[in-house]
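Structural characterization, general
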Amino acid sequence: MNMNDIEKNGLVLLGCGKMGSAMLKGWLDGGLPPASVWVSDPNPSDWLVGIKGLNLNTDLPSAPAVVLVAVKPQMMADALPTLAAMGNGETLFISVAAGITIATYEELLGSRTPIVRAMPNTPAAVGRGITAIIGNGLATADHAELAEALLSSVGQVVRLDSEDQMGAVTAISGCGPAYTFHLIEAMAAAGTAKGLNPDLALTLARATVAGAGHLAENSEEDPSQLRVNVTSPNGVTQAALEVLMSDSDGFPPLLLRAVEAAINRDRELGE
Ligand SMILES: NC(=O)c1ccc[n+]([C@@H]2O[C@H](COP(=O)([O-])OP(=O)(O)OC[C@H]3O[C@@H](n4cnc5c(N)ncnc54)[C@H](OP(=O)(O)O)[C@@H]3O)[C@@H](O)[C@H]2O)c1
């Protein structure tokens with residue numbers, strides 16, 4: 001199974017908000033024909049209405065290659081039963097919802113449904129996402145390859161060994177872009193507080209985070225060495241890192257608390 005199966009038999013996207021749109025943009029930019037995509041969303045955004053050939057809120061194919069579920073976890077029990085007729089067959093269901101377990105999908109769609117649970121992130125919109133996937137017992141190697149082909153068109157894909165890893169994955173890479181955007185905001189605010197013009201502070205913060213991310217991804221040195229490379233002994237960076245790297249109230253314990261809060265919320269959403 002590959003992208004040709006999707007072109008031939010179709011992809012249904014249930015829910016096209018922020019995450020669904022990010023992935024759909026990536027797929028269309030990557031050459032998936034809009035005519036192979038059926039989007040179901042009660043309030044589609046303007047950019048969807050303008051896509052020529054896209055099947056927007058029309059009758060759905062009876063056995064698409066893939067249904068990708070991108071509604072909020074809280075909407076799942078209302079939204080999924082409408083697609084239950086596609087369960088227990090050849091159609092692969094891929095869900096990106098936080099918290100909702102494979103067992104819940106099997107309950108709502110039928111226990112013979114191939115299901116892949118996935119956690120992407122919004123840099124998928126520019127082809128720089130990362131998605132972690134794990135399938136149920138009915139998801140064959142072919143299904144996993146199909147999910148990987150679809151999701152790797154919007155960034156990297158990693159396969160998990162166990163569904164239990166999904167909470168921590170969500171807290172790191174699913175939510176992580178928000179932490180990073182907040183780092184940009186906080187750096188810009190600190191620059192402004194220290195007298196820089198707000199536009200200049202934001203330009204400096206955004207370019208620094210983007211450039212450092214690019215360097216971290218492309219350098220042969222690991223992030224800790226890259227940090228050392230910036231830190232002249234007894235220099236300016238060292239003074240800042242003594243605050244940021246404090247074991248008691250620095251970045252590491254703060255981030256750990258944030259990640260634990262995310263994992264707890266992920267668990268609650270699945271209950
Ligand atoms: N945003 C992220 O960074 C991210 C990352 C990884 C995973 N996720 C997961 O992706 C899912 C969507 O999140 P999101 O941030 O994209 O939320 P969102 O922007 O609210 O998108 C959800 C979309 O689904 C629509 N919808 C609601 N009920 C529906 C139904 N019965 N049938 C079809 N569509 C329906 C919503 O329409 P209305 O707005 O009109 O209700 C909205 O357009 C969530 O499960 C989330 O856990 C999100």
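Quick note: structure is the one above.
Anyway, here's the lowdown on the structure attached to this text. (Residues numbered from 1 in each chain as written. Predicted model: local features only at pLDDT ≥ 70, side-chain atom pairs only at ≥ 80, totals over all residues. Heavy atoms only, no water.)

1. Overview of the overall build of the protein chain
Formally: Numbering of helices and strands runs from the N terminus; a helix is a DSSP stretch of H or I covering at least four residues, while a strand is a stretch of E covering at least two. Whether two residues are in contact is decided by their heavy atoms, any of which lying within 4.5 Å being enough. Every accessible area reported is derived by Shrake-Rupley at a probe size of 1.4 Å, with residue values counting cover from the shown protein chains alone. Residues scored as charged are limited to Lys and Arg (positive) and Asp and Glu (negative), so that His and the chain ends carry no count. A charge is said to be at NZ when it belongs to Lys, at CZ for Arg, at CG for Asp and at CD for Glu.
Of the regular secondary structure elements, the protein chain holds twelve helices and eight strands. Dimensions along the principal axes, computed over C-alpha positions, put the protein chain at roughly 65 × 40 × 35 Å. Looking at the protein chain alone, contacts between residues at least 24 apart form 60% of all its contacts between residues at least 6 apart. When the accessible surface of the protein chain is split by element, carbon and sulfur atoms take 57% of a total near 14,600 Å². Averaging the coordinates of the 15 positive side-chain charges in the protein chain and doing the same for the 29 negative ones gives two points 5 Å apart.

2. Looking at the site of the ligand
In plain terms, the rule: Proximity is defined per residue: any heavy atom of the residue falling within 4 Å of a molecule or strand makes that residue near it. By the criterion applied in these results, polar contacts are pairs of N or O atoms within 3.5 Å in which, for protein atoms, one can donate a hydrogen and the other can accept it, and in which residues neighboring in sequence qualify only through two side-chain atoms. As defined here, a cavity is a set of points on a 1 Å grid over the protein atoms alone where a 1.4 Å probe fits but cannot get out. A pocket is an open set with protein on both sides within 12 Å along at least five of seven lines, and residues line them when an atom is within 4 Å of a point. Should more than half of a molecule's atoms lie within 2 Å of a pocket's or cavity's grid points, that molecule is taken to sit in it. Under the convention adopted here, Pro, Cys and the residues Ala, Val, Leu, Ile, Met, Phe, Trp and Tyr are nonpolar, Asp, Glu, Lys and Arg are charged, and Gly plus all remaining residues are polar.
In the vicinity of the ligand lie 22 residues, with Lys18, Met19, Asp41, Asn43 and Val71 positioned nearest. Here an oxygen atom of the ligand sits 2.9 Å away from a polar atom, N or O, in the main chain of lysine 18. Backbone polar atom of methionine 19 to an oxygen atom of the ligand: 2.7 Å apart, as the coordinates give it. Under a 2 Å grid-point criterion requiring more than half of the atoms, the pocket assigned to the ligand is the second largest pocket. Class assignment of the residues belonging to the shell around the ligand gives a composition of 14 nonpolar, five polar and three charged.

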